[in-house]
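# Breakdown of the fold
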Amino acid sequence: MADYDQEISHEHKRFENITWEGKTISGREFYDCHFYKCSLKECIFIECTFEKCTFEECDLSLIQFKQTAFSRVVLQYTKAIGIAWHNARKPLTVDFHHSRLSYCSFSGQNLKKGIFLHCQADEADFSGCNLSLADFRGTDLAGARFSETDLTQANFTGAQRYAIDVQNNKVRKAKFSLPDALALLDGLGVEIVE
């Protein structure tokens, strides 16, 4: 972070091949910044703001944040493993494309119209989230938790390995595709015979 230590506000900047692993970054604002091939593993962000930022081919695994906002942020081809997104300042608006979100917790967040396209979201926790109109097309949701989650009109076309209890979640007008949609019958005690 050496060159940027004195600057509080960063606008329209490109951060390329930056390694800030394990650093504590406090009180910084990033507006319309592009992070490319950066490693921010295990960073702690305190009272920071990321607005209209893009993270491309980055490693954000195990980052932590306190009073930090993510507004209109895009992660693409990025590793974001083990992040407690539920600790982010609300509202949280992040779109995920072709990213690894394993072991992340979004618990309780309002992610209405959230984008999770072609991601690996195994063991992610979406308990208590508003995911109405969310787009999970092509995402692997092995072991992901949905409990008291609003999935109204969510799109799971091409999503795989999810286990959603239709009695414990709102799924009205949600879209699912075969063969994975058969998993929705598991919680109903229905026996499928070939």
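Below, the structure is looked at part by part.

### Side note on the packing of aromatic side chains
Following the criterion strictly, the structure yields 31 aromatic pairs and no others. Taking the centre distance of 5.3 Å and the plane angle of 75 degrees together, the rings of Phe70 and Trp85 count as edge-to-face. One end of the pair, Phe70, is in strand 10 (residues 69–71); the other, Trp85, is in the loop between strand 11 (73–76) and strand 12 (94–97), with 15 residues separating them in the sequence. The same class applies to Phe70 as to Trp85, namely buried. Considering the side-chain rings of Phe136 and Phe156, the 4.8 Å spacing of their centres and the 5 degrees angle between planes classify their relative orientation as stacked. Of this pair, Phe136 sits in the loop between strand 13 (115–117) and strand 14 (155–156) while Phe156 sits in strand 14, placing them 20 residues apart in sequence. You'll find Phe136 and Phe156 in the same group, each marked buried.

### Notes on the pairing of strand 11
Burial along strand 11 is one-sided: Val73 and Leu75 are buried, while Val74 and Gln76, pointing the other way, are not. In the sheet, strand 8 (residues 54–56) pairs with strand 11 via three bridges, with the strands oriented parallel. Along strand 11, the bridge assignment pairs Phe55 with Leu75. Sheet topology note: the strand 11/strand 12 ladder contains four bridges and is parallel. Each residue of the ladder has a partner; that of Leu75, found in strand 12, is Phe96.

### Here we look at the side chain of Ser127
Examined against the element boundaries, Ser127 turns out to sit in the loop between strand 13 and strand 14. Not counting chain neighbours up to four residues away, the residues in contact with Ser127 comprise Ser107, Gly108, Arg145, Ser147 and Thr149.

### Topic: unusual backbone geometry
With omega at 0 degrees, the peptide bond leading from Lys90 into Pro91 counts as cis. A positive phi angle, close to 55 degrees, is found at Lys52, a residue other than glycine. Tracing the sequence through the fold places Lys52 in the loop between strand 7 (49–51) and strand 8. Judged by relative accessible area, which is 34%, Lys52 ranks as partly exposed.

### Concerning the sheet that holds strand 10
Strand order in the open sheet formed by four strands is 1-4-7-10, with parallel pairing between adjacent strands. Each edge of the open sheet is held by one strand with a lone partner, namely strand 1 (9–11) and strand 10. Pairwise comparison of adjacent strand axes, ignoring direction, gives a mean angle of 5 degrees for this sheet. In the sheet, strand 7 pairs with strand 10 via three bridges, with the strands oriented parallel. Residue pairing for strand 10: Phe50 is matched across the bridge by Phe70.

### Details of the sheet that holds strand 13
Sheet architecture is open: six strands sit in the order 2-5-8-11-12-13, paired in parallel fashion. Each edge of the sheet is formed by a strand with only one pairing partner; in this case those strands are strand 2 (14–16) and strand 13. This sheet shows a mean twist of 10 degrees between the axes of neighbouring strands, independent of strand direction. Examined bridge by bridge, strand 5 (residues 34–36) and strand 8 share three bridges and lie parallel to one another. For Phe35, the partnering residue across the bridge sits in strand 8 and is Phe55.

Reading guide: rules and limits
- Once a new chain begins, its residue numbering starts again from 1 and follows that chain's sequence as written.
- Only residues with pLDDT of 70 or above have their local features reported here, since the model is predicted, and side-chain atom pairs are shown and tallied only from 80 upward, although totals for entire chains, interfaces and linings are computed over all residues.
- No hydrogens and no water enter the side-chain calculation; it runs on all heavy atoms of the structure.
- Note on ring pairs: Phe, Tyr and Trp rings are taken, using the six-membered ring of Trp, and paired if centres are within 6.5 Å. Classes follow the plane angle, with under 30 degrees stacked, over 60 edge-to-face and the rest tilted.
- Note on conventions: DSSP H or I runs of at least 4 residues are helices, E runs of at least 2 residues are strands, and numbering of each starts at the N terminus.
- For each residue, the accessible area found with a 1.4 Å probe, counting protein chains only, is set against the maximum for its type, and the residue is called buried under 20%, exposed over 50%, and partly exposed in between.
- Here a strand pair is declared whenever DSSP counts at least two bridges between the two strands.
- Throughout, a contact is declared for two residues whenever any of their heavy atoms are within 4.5 Å.
- Under this scheme, a helix contributes an axis fitted over its contacting stretch, all axes are lines through C-alpha atoms, and angles between N-to-C directions fall in the 0 to 180 degree range.

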